[in-house]
Amino acid sequence: MNERFISIEGIARRYPAPGGGTTTIFEDLWLAVARGEFVCVIGHSGCGKTSVLNILAGLEAPSEGVVVVDGQAIEGPSLDRAVIFQGHALLPWRSVIGNVGYAVSSRWRKASRAEIEERAKRFIDLVGLKGNELKKPAELSGGMRQRVGIARALSIEPKIMLMDEPFSALDALTRGTLQDEVRRICTSTGQTVFMITHDVDEAIYLADKIVLMTNGPQAMIAEVVENPLPKDRARDTIHREGDYYAVRNHLVDFLVARSKTFRDEMPAGYDQRKPPLVRPAGSLPVEPAAPERPVAKTIPFPSVAGGRD
Ligand SMILES: Nc1ncnc2c1ncn2[C@@H]1O[C@H](COP(=O)(O)OP(=O)(O)O)[C@@H](O)[C@H]1O
Ligand SMILES: [Mg+2]
């Protein structure tokens, strides 16, 4: 068991502040992710989530600290780490198979054309795009383009998959379908995933662990929430799971209140190197109580015999 497959060690991001000095977006961030874990990061806009992801991707260097993946410090982009952005970032002049094939050929430079096509097709099928291989990105819907992005990321067998709000630009129905597919693929292949979202329900459905970031500037990791729901949860029955409301309320409470106040009300002895692991458990009703049925009033029938009177 490799508990530190991804090890974020004391990273900070600072920018020159307008008018001199520096602004610290976040600092002293520590986090460990195990191999095969699906981790979601939740936090308000501006707290530095994309910056953390870019550092993991090797697209940006941290101002301080280091990130180690599978025993190697990140020093730049690598095909070991695939990124799925909010926008799909496809090559507009290449077809679906051209886009996926390009990634495959960058990974396996000596592969034959037939091998590349075969592999690209396999991943295009996997995300449900069979029959669309020759279309250009402009001919696809937003959801289909994002599927190409997912196929491209998976096709290179990355050690980790990094996703920055990958479904936020999609309509609810497409978002749901793609969440289902990403979950199915990642659980069946044991893919390690680091995903940013601001959607609480998305995090509960997908993640094994949910990292809570406080508001920026000087954002920090407040805690890591262990998802108490069973691994075989399903979208249409998830709200009936015993701990569903407990975990959902915990996340919503964090976003509406604690994300703002955490830094000022930090528990004594809080150690940023070891953010606490929290497992919300429910004492709340699993289902809302059934509405009370109107009870038919029984009106006493006057006694024919007129007994009492
Ligand atoms: N190149 C930059 N120069 C100055 N500030 C930046 C730069 N890039 C990002 N920031 C600031 O860093 C903060 C965090 O940005 P970002 O990582 O995109 O946050 P998030 O993804 O959580 O919304 C924001 O306040 C943003 O304005
Ligand atoms: Mg962002």
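Note that the structure is predicted; figures quoted are calculated from it, not measured.

(A) Molecular detail of the overall build of the chain. Broken down by element type, the chain carries seven helices and eleven strands. A globule of 309 residues ought to have a C-alpha radius of gyration of about 19 Å, yet the chain, at 25 Å, is considerably larger. Counting only C-alpha atoms, the chain reaches 105 × 55 × 45 Å along its principal axes. When burial is assessed residue by residue, the chain has 34% of its 309 residues classed as buried.

(B) View of the domain arrangement of the chain. By the assigned domains, the chain splits into domain 1 (6-80 + 159-278) and domain 2 (91-157). Look at where the C-alpha atoms of domain 1 and domain 2 centre, and you get two points 27 Å apart. Taken together, the contacts link ten residues of domain 1 with 13 residues of domain 2. Here the side of domain 1 that touches domain 2 is composed, by residue class, of eight nonpolar, one polar and one charged.

(C) Region of interest: the sheet that holds strand β5 (residues 72-73). Across the sheet, four strands lie side by side as β2-β1-β4-β5; this open sheet has antiparallel pairing. If you trace the sheet from one side to the other, it starts and ends with β2 (22-33) and β5, each paired once. Here strand β4 (residues 64-69) runs beside β5; their pairing, made up of two bridges, is antiparallel. Across the sheet, Val 68 pairs through a bridge with Ala 73, a residue of β5.

(D) Representation of the environment of Gly 101. Secondary-structure assignment places Gly 101 in helix α2 (residues 96-107). A residue is classified by how many C-beta atoms lie within 10 Å of it, and Gly 101, with 25 of them, is buried. Along the sequence, Gly 101 and Asp 164 sit 63 residues apart, while their C-alpha atoms lie 23 Å from each other. Apart from the residues lying within four places of it in its own chain, the contact partners of Gly 101 are Ile 116, Glu 117 and Ala 120.

(E) Structural view of the nonpolar core. In this structure, Val 39, Val 100, Leu 162 and Phe 194 are the most contacted members of the largest nonpolar core, which totals 70 residues. Taken domain by domain, the makeup of this core includes at least three residues from each of domain 1 (6-80 + 159-278) and domain 2 (91-157). If we ignore the near neighbours within four places in the chain, the residues touching Leu 162 are Leu 53, Leu 56, Ala 57, Arg 81, Ala 82, Val 83 and Phe 194.

(F) Examining the sheet that holds strand β9 (residues 209-213) more closely. The mixed open sheet is built from seven strands, whose spatial order is β6-β7-β8-β3-β9-β10-β11. Across the chains shown, the open sheet's two edge strands, defined by having one partner strand only, are β6 (81-84) and β11 (277-278).

(G) Representation of the site of ligand 1. Neighbouring ligand 1 are the residues Tyr 15, Ile 25, Gly 43, Ser 45, Gly 46, Cys 47, Gly 48, Lys 49, Thr 50, Ser 51 and Gly 216. The element that contributes the greatest number of residues to the shell around ligand 1 is helix α1 (residues 49-57), accounting for three residues.

(H) Looking closely at the pairing of β4. When strand β1 (residues 6-16) meets β4, the two strands line up antiparallel, connected through five bridges. Looking at the pairing, Ser 7 lines up with Val 68 of β4. What sits between the antiparallel neighbours β4 and β5 is a turn of two residues, in which Asp 70 has the positive phi angle 50 degrees.

About the thresholds
- Residues numbered from 1 in each chain as written.
- Chains lettered and ligands numbered in written order.
- Predicted model: local features only at pLDDT ≥ 70, side-chain atom pairs only at ≥ 80, totals over all residues.
- Helix = DSSP H or I, 4+ residues; strand = E, 2+ residues; numbered from the N terminus.
- Rg over C-alpha atoms; globule rule 2.2 N^0.38 Å.
- Buried ≥ 20, exposed ≤ 12 C-beta atoms within 10 Å, placed from the backbone.
- Domains from an automatic or database assignment.
- Contact = placed C-beta atoms within 7 Å.
- Nonpolar A, V, L, I, M, F, W, Y, C, P; charged D, E, K, R; others polar.
- Pairing = 2+ DSSP bridges.
- Core = buried A, V, L, I, M, F, W, Y, C linked by C-beta atoms within 7 Å.
- Near = placed C-beta within 6 Å.

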